[in-house]
Structure formats: C-alpha cells, structure tokens
Amino acid sequence: MSIQATKRSRTVHDVSCGRALRERALGQAGSPDPVPMALIAPIAATIAEHCGHRLLKCRRLAMGWTVAQAVRSVHDLVEAEQLGKVGLSERSWKDWESGVLPSPDYQDLLCRLFTTNPVGLGFAHDYSLPAEADEGGPLWSAGQGGGRLREGEAAGAGTRPWTFTEVEETKRRDAVKLAGLAVASPAAAAQILQQAAAEAMEFTRQAEATSLGSGTLDHLDLAITEFNHAYSLKPPKAVFDSVLDYRRKVDALLKARHTHGQERELFAFAGWMSELLAWLAHDLGNARTGLAFATDAFVHGQQAGHGQLCAWAMDAAASINLYEQRPAKAREAALKGLSEAPAEHPLTVRLHAQAARAAAADGDAEGFTAAFRAAEDAHRRLPPRSARRFGMDVLPLADYALTSYPATSFIWLGQAEAARRHAEHALATYQSAPEASRSPSREAIARIDLALAHAQLGDPDDAVTLGHQALDSARVVDSVLGRAGDLTSFLTRRYPRQAAVEGLRERLSAANDAAHPALPAAPPGA
C-alpha cells in the first residue's frame, strides 16, 4: 500500500525556475563537464529551499533531467550494474515526485542513482544532531543529506566567484569572533554585539541598494504593453527601432546596480523585448536576426525563471525556421517550447500546431496528423477564462493556429480540397475577430492559402484574384511576400500563358522591390 506524504502549503515554483538556478550555479562553478555529484547535492537543496519541490524532484532538476531521462537513467543503471530488471515508468516516477513513497527496492535503486540515502531524497527523516562544521571544509557542503548553495551563488549575478581560500579565511575570522564573544567580559560582549548589529544594518542596506528609479519597472511594463499592441498596427521597421532602443536600455539597467528581485524582472523585460524583436526581424525579412533574438529571449526567460516567456520565444523560432524551409529545426523549436509552456494555455495549442505544420512541410503526413490531434486535444482542455498577454486575449492565437496552420499544411501535403476548407474557415475567423485582435498579415496569408488551394483545384482566375487581395493588405510583411512568391511560382508553372498570372507576378516583383530596395551603386573609383 502506498503512503502519501503530507501536503505542503508552500508555494511551488515552475520547473523552469529550478533549471535557471541549476544553470547559474554551474556557470559559477566553471561549467564542469561532467557535473560532479558533490555539486548536485547543494544545487538540489537550493532548488528545494527556493522553489518548494519535494527532494526527489529537486535532485532530478539538479541533474538537468526530464522525467523521461530520469527513468532512462534508472534502466541504464540496472543494466550497467546487472541488477534485477525493473518495470519503472514515467507515471510511477511522477507519482513519487507528488508524494507517493516508493517501495524499499525502488528506494534503494534511487539512492544508488543519486549516490545519496533515503533522507537525501525525502523518503525518511534524520533525527540525529547535526555534525559540527568542519573548519577547513570545502566551498560546497555535500553531505549525504544534501547541503545548499550560498545565497549569493544561488541568486546573484555579477558578483565575482567565491574561492576555496576565501571561504576558509571567512570561517576562521568568524570562529575568532565567536571565541572572543565567549570569553569576553559583559561590557566587551555588548560592544561586539552592538558592532554586529551595525554590520547587519549595512548588509540590509546593500541588499536593497539599487540604481533603478522608483517607477522604472512600471515604465518598462507599460512600454512593452504598448509595443505589443503596436505590433500589428504600425510598420515593422518603426516598431523594431523603438523596441531595440528600449532593449538596449534594459541591457544597461542589468549592468547597473539592482536588487535580486529587480534583476529577475529586468531579465523578463529583456526577454519579452527580444521575443518581439524576433517577430519584427522576421517581418522585415531577416531570419538570422530573428533567430538570434528568439534565442536571446529564451535565455533571458530561463534567467528570469519564466517558462511561458521561453515558450513564446520558441514559438517565434519555429515560425522563422519554417519560412526558412528548415522544418526539422522548426519542429525542434516547437517541442522545446512545449517543454516550457503551461499545459492549459493557448500557447500549448499553438506550439502543437507549429509542430504539425513543420511535419507537413517535411512531407510527414502521419506526424502532421498526430501533432494536430494533440493541438485539438489541448484546445479542448483550455479553461473557461482565457489567458492574456500584456492585456490582450491570446485565445485567438490558438484559434488561428487550428484554422490557418492546417490550411498551409494541407497545401504542402498536396490535399487541395482539405486546404480550401481550412483556408475558408481561417479567413472567416480572421474577418470576424474584434478590431483589436485583427492581424492583417495573417489574414493575407489565409487568402494566399485559399488562392493556392484554388490553383491546385484548377481555378487560376480565383487564385489570381485572391493573390491581389492579399497584396492589398495593410501589412504586407516579408512572410506575406514569401507565401505570395509560392503562389506565383505555382501559377506560372501550371498556367504559363495566362496574362492575369503574369500581372500578379509583376505586381509581386514590384512589392518585393519596395520592401527590399537595392543598395545604391558605388561611385566610380570607390
């Protein structure tokens, strides 16, 4: 019979917070490879104290494993040490992390895996008195029960790393002070304690010291909100320049003095701005810049312990890679985003749909079907109250993904009739959306999908008409031009002598020239 652990009332953080603590600790330890188990124990203890997970989960996060990787590691250990075969599954592991006590055999196996004891994994309690600290102990306290990182190493960036010598010297100084207090006269002891109180006040002052003005973070939040609202309404070049200017300001703030709490908020602001810059660079036709900012957004999201931000960054990376005809990379980005996205959030729907679209671009019809079903299942599980992003409802992004993405996918898979149905549905969805949620560029791409479906079904006239309507959009960004190029190429091959097709091709050429003007010729002798 399984034993359920007592539920705790403590707030539990997202797993991405634990991952960020691990990466920071490894970076401060010189990024050892492989990571020594003596380092895993204090990282796990820091995650437990900061994030509130049970100790088994903290050990897994400290190792950098997913549940699947942890289960695989157990099976590898059994095979390597020629132990009795086990039938461990991911479900069982998740039950243990939620508080179900493993059997004694599995407890022994897990202790072998993490080179610790049942106390270190939260399966038992240690009622013995704590051993006295070793005067010459190492930087990391790596006893069987765990140990933890120093506070500055767990949360602080920008401070110089501690060394073993510094720790030893600090311990000796503290020991001398304590010994002096023990043998001092009452008057001298009072003086020592008074001095200690002054030191404590100075520690507090330094912890609260910051160069940020009282309204700086509020101002940044307002600026990002306005930039997100402007994204679909203003020319991408103007928005890109403004966001990049603010992104540089946030970078300067990160290099200035601030509290640890402010640092996490600044990391998040930096990540959100880079995520938006990724989309804007994509709209401007520069995939390399877009992917660079998507990566930057993901990294800053990790530093902020913000899994949802990481997932949004990978959503951008998936789209950019798709338009660069790198479906495998797009699929990889979508799956990476899914590992960070909240399960009952419209972004999860969108990322499953991204994976489906990537599979279709790769000619994988079965992969498309499986991923798209996962998107539909995730959509059905969404809660009644829709999530918001900077004040905007993000449910339409999930709805669009379930209509627009399959339209594009069926085009790539050569299923014209299915593409036509989905494209018509997508176009109707876009047109019926509230004005604040309208996206002219997505609407234009839906028209191009519908045009391609008509062209594949043998109706070039409607295809040309829809192509012109797409180019009439108020926001003809690079992704629209790229898909319009797919349309004109197909029409030119299928209907080479149609005057209307040639007219659409010439109009697209002019639009491309306007969007990407050629550099002026160099003067003679330059």
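Calculation notes
Residues numbered from 1 in each chain as written. Predicted model: local features only at pLDDT ≥ 70, side-chain atom pairs only at ≥ 80, totals over all residues. Heavy atoms only, no water. Helix = DSSP H or I, 4+ residues; strand = E, 2+ residues; numbered from the N terminus. 1 Å grid on protein atoms, 1.4 Å probe; cavity = no way out; pocket = protein on both sides within 12 Å on 5 of 7 lines; lining within 4 Å. Points joined across faces, edges and corners; volume = space filled by probe spheres on them. Nonpolar A, V, L, I, M, F, W, Y, C, P; charged D, E, K, R; others polar. Buried < 20%, exposed > 50% of the residue type's maximum accessible area, 1.4 Å probe, protein only. Arc of directions from axis to C-beta. Contact = heavy atoms within 4.5 Å. Expected span 1.5 Å × (residues − 1). Axes fitted to C-alpha atoms, helices over the stretch in contact; angles between N-to-C directions. Parallel < 35°, antiparallel > 145°, perpendicular 65-115°, else oblique. Left-handed = near helix turned anticlockwise from the far one by under 90°. Core = buried A, V, L, I, M, F, W, Y, C linked by side-chain atoms within 4.5 Å. Phe/Tyr/Trp six-rings, centres within 6.5 Å; stacked < 30°, edge-to-face > 60°. Salt bridge = Lys/Arg side-chain N within 4 Å of Asp/Glu carboxyl O. pLDDT = per-residue confidence, 0-100. Disulfide = S-S within 2.5 Å.

Visitor: Would you explain the environment of A378 in this entry?
Guide: One can find A378 in helix 17 (residues 365–380). In sequence terms A378 and A398 are 20 residues apart; their C-alpha atoms lie 9.7 Å from each other.

Visitor: When you look at empty space enclosed by the protein in this model, what are you seeing that I'm missing?
Guide: Rolled over the atoms, a probe as big as a water molecule pinpoints where empty space is left. Scanning the entire structure with this criterion turns up one cavity of 30 Å³ or more. For the largest cavity, the lining is made up of 21 residues, of which W279, Y323, R350, R442 and I445 are closest to its centre. Of all the elements in the fold, those that place two or more residues in the lining of the largest cavity are helix 12 (260–283), helix 14 (307–323), helix 16 (346–361), helix 18 (395–412) and helix 20 (440–456). Take the lining of the largest cavity: its biggest share by element is six residues, from helix 18. Residues belonging to the lining of the largest cavity are distributed by class as follows: 10 nonpolar, seven polar and four charged.

Visitor: Is there a simple way to think about helix 5 (residues 90–97) in this case?
Guide: For an α-helix, 3.6 residues make a turn, and residues three or four places apart therefore share a direction. Among the residues of helix 5, W93, W96 and E97 are the ones counted as buried. Buried positions in helix 5, seen along its axis, are confined to an arc of 100° and lie on one side of it. Buried residues along helix 5 sit against helix 3 (55–63), helix 4 (67–80) and helix 6 (104–114). Following helix 5 by one or two positions, G99 adopts a phi angle in the positive range, close to 125°.

Visitor: Teacher, can you tell me more about helix 14 here?
Guide: Look at helix 14: 25 Å from first C-alpha to last across 17 residues, which is about the 24 Å you get at 1.5 Å a residue. Among the 17 residues of helix 14, 15 are classified as buried, and the element is accordingly described as predominantly covered. Downstream of helix 14 by one or two residues, Q325 has phi in the positive range, about 60°.

Visitor: In this structure, what is going on with the packing of helix 14 against helix 16? I would like to understand it.
Guide: Packed helices, taken two at a time, are described by the angle their axes make and the gap between the axes. Direction vectors running N to C along helix 14 and helix 16 enclose 25°, while the axes themselves pass 10 Å from each other. As far as their axial angle goes, helix 16 and helix 14 are roughly parallel. Helix 16 is crossed by helix 14, and the crossing has left-handed handedness. Facing Q308, A311, W312, M314, D315, A318, S319, L322 and Y323 of helix 14, the residues of helix 16 in contact are L347, R350, L351, Q354, R357, A358 and A361.

Visitor: Explanation requested: the nonpolar core in the structure shown.
Guide: Burial of nonpolar side chains together is a common tendency in soluble globular proteins. With 108 residues, the main nonpolar core has L220, V243, L266, F368 and L491 as its most contacted residues. The biggest single contributor to this core is helix 12, with 13 residues. In terms of nonpolar packing, the next biggest core, distinct from the first, is built from 34 residues, I47, C51, A70 and F114 among them.

Visitor: Mind showing me how you'd approach the packing of helix 22 (residues 478–494) against helix 23 (residues 499–515) here?
Guide: Contact pair helix 22 / helix 23: the axes reach a minimum separation of 10 Å and the direction vectors enclose 155°. As judged from the angle between their axes, helix 22 and helix 23 are roughly antiparallel. Where helix 22 crosses over helix 23, the handedness of that crossing is left-handed. From helix 22, L481, A484, G485, L487, T488, L491 and T492 reach across to helix 23, where they touch V501, L504, R505, L508, A511, N512 and A515.

Visitor: Hey, could you run me through the packing of aromatic side chains in this one?
Guide: Within a pair of aromatic rings, the relevant descriptors are the distance that separates the centres and the angle that separates the planes. Under the defined criterion, the tally for this structure stands at 10 aromatic pairs. Taking 5.5 Å as the distance between ring centres and 75° as the angle between the ring planes, the aromatic pair formed by F227 and Y246 counts as edge-to-face. In this pair, F227 sits in helix 10 (residues 216–230) while Y246 sits in helix 11 (residues 236–255), placing the two residues 19 residues apart along the sequence. With respect to burial, F227 and Y246 carry one shared label: buried. On the basis of an interplanar angle of 80° and a centroid distance of 5.1 Å, the ring pair of W272 and F390 is categorised as edge-to-face. Residue W272 is found in helix 12, and its partner F390 is found in the loop between strand 1 (388–389) and strand 2 (392–393); the two are separated by 118 residues along the sequence.

Visitor: Whenever I open this one, the environment of A333 confuses me. Can you help?
Guide: Locating A333 in the fold gives a position in helix 15 (residues 327–338). Accessibility expressed as a relative area gives 7% for A333, which makes it buried. Taking the C-alpha atoms as reference, A333 lies 8.9 Å from L351; in sequence the two are 18 residues apart. Those residues within four positions of A333 in sequence are excluded, and the remaining contacts are M314, A317 and A318.

Visitor: What's the story with the environment of L39 in this structure? I'm lost.
Guide: By the secondary structure assignment, L39 is in helix 2 (residues 37–51). L39 sits in the buried class, given a relative accessible area of 3%. The sequence separation of L39 and M63 amounts to 24 residues, and the corresponding C-alpha distance is 9.6 Å.

Visitor: Help me out: how do you make sense of the pattern of salt bridges in this one?
Guide: Per the stated rule, a full pass over the model turns up 24 salt bridges. R112 is the salt-bridge partner of E81, the closest N and O atoms lying 2.9 Å from each other. Of this pair, E81 sits in the loop between helix 4 and helix 5 while R112 sits in helix 6; the two residues are 31 residues apart in sequence, bridging distant segments of the chain. Of the charged contacts, one joins E443 and R447 as a salt bridge, the two residues approaching to 3.4 Å between their closest N and O atoms. With E443 and R447 both in helix 20 and four residues apart, the pair spans about one turn of that helix. By relative accessible area, E443 is classed as buried at 12%.

Visitor: Please clarify how the confidence of the model for the chain should be interpreted in this entry.
Guide: Any region with low pLDDT has predicted coordinates that should not be read closely. Considering every residue of the chain, the mean pLDDT works out to 81; 80% of them sit at 70 or more. A low-confidence stretch, residues 1–9 stays under pLDDT 50, and its non-local contacts, those more than four residues away or across chains, total 13 contacts. Of the regions scoring below 50 in pLDDT, residues 131–179 engages in 69 contacts with residues more than four places distant in sequence or in other chains.

Visitor: Teacher, can you tell me more about unusual backbone geometry here?
Guide: A positive phi angle is found at Q325, which is not glycine, with a value near 60°. Located in the positive-phi region is F390, a residue other than glycine, with phi close to 50°.

Visitor: Any chance you could explain the side chain of S232 here in plain terms?
Guide: By the element assignment, S232 lies in the loop between helix 10 and helix 11. Judged by its relative accessible area of 17%, S232 is buried. Setting aside anything within four residues of it in sequence, one finds S232 in contact with R438, S439, P440 and R475.

Visitor: Can you walk me through the state of the cysteines in this structure?
Guide: By definition, a disulfide links the sulfur atoms of two cysteine residues through a covalent bond. Counting across every chain of the model gives zero disulfides. Note on C58: no disulfide assigned, nearest cysteine sulfur contributed by C51 at a separation of 7.1 Å.

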